[in-house]
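# Examining the three-dimensional arrangement
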Amino acid sequence: GTIPSELFGIVDLEKVLLCRNDLIGSISSNIGNLASLTNLWLDNNDLTGKIPEEITNLIALENLLLEGNELTGVIPNGISSLTQLNFTNFASNNLSGPIPPGIFDIPNLRFLYLSNNNLSGQIPDTISNAE
């Protein structure tokens, strides 16, 4: 099945854990309505399309797991505005384009998985200053 559209109307929702459900379709731009969301686990499904720019509205987000899908396009540049992110996994998709440079400046980020994509660009020297 697909991600139910009704889900995006639950504005106080804090956790969406839908991993390993054989979900198809894309991630709706309405994901940006879930401002209280701290955990978004959509990993290991069959999701396609781009990561919606509206995901950068999720300012409370701590854990973002999108690995193991068939997502395409770029990682949104605004991802660096998600200052609460601690764990982010974009691995094993079909993402392309540059790695957003600001992603390495997210203060709470401890885990960043980007493997098995078609990403380009350089890892900044400043990453060695990470705590």
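First, a word on what this report is: a plain description of the structure on this page. This is a predicted model, so every value here is computed, not measured.

Parameters and conventions
- Residues numbered from 1 in each chain as written.
- Predicted model: local features only at pLDDT ≥ 70, side-chain atom pairs only at ≥ 80, totals over all residues.
- Heavy atoms only, no water.
- Helix = DSSP H or I, 4+ residues; strand = E, 2+ residues; numbered from the N terminus.
- Buried < 20%, exposed > 50% of the residue type's maximum accessible area, 1.4 Å probe, protein only.
- Contact = heavy atoms within 4.5 Å.
- Pairing = 2+ DSSP bridges.
- 1 Å grid on protein atoms, 1.4 Å probe; cavity = no way out; pocket = protein on both sides within 12 Å on 5 of 7 lines; lining within 4 Å.
- Points joined across faces, edges and corners; volume = space filled by probe spheres on them.
- Nonpolar A, V, L, I, M, F, W, Y, C, P; charged D, E, K, R; others polar.

Below, the discussion takes up the environment of Ser29. You can see Ser29 is positioned in the loop between β2 (24–25) and β3 (39–41). Overall, the relative accessible area of 39% leaves Ser29 in the partly exposed class. For the pair Ser29 and Ile55, spaced 26 residues apart in the sequence, the C-alpha separation amounts to 7.4 Å. Aside from chain neighbours lying at most four places away, what touches Ser29 is Pro52 and Glu54.

The strand order across the open sheet formed by five strands is β2-β4-β6-β8-β10, and the pairing between neighbours is parallel. Strand pairing shows two members of the sheet lacking a second neighbour, β2 and β10 (118–120), which therefore form its edges.

Looking now at empty space enclosed by the protein. Enumeration over the complete set of coordinates arrives at one cavity of 30 Å³ or more. What the largest cavity holds in volume is close to 30 Å³. For the largest cavity, the full set of lining residues is Ile3, Leu7, Phe8, Val16, Ile27, Ile31, Leu40 and Leu42. Split by residue class, the lining of the largest cavity holds eight nonpolar, no polar and no charged.

Residues in a regular strand project their side chains so that they alternate between the two faces of the sheet. Relative to strand β6 (residues 70–73), strand β4 (residues 46–50) runs parallel, the two being bridged by three bridges. Across the sheet, Thr48 pairs through a bridge with Glu70, a residue of β6. Bridge count for β6 against strand β8 (residues 94–98) is two bridges, and the pairing is parallel. Within β8, the position partnered with Gly73 by the bridge is Leu95.

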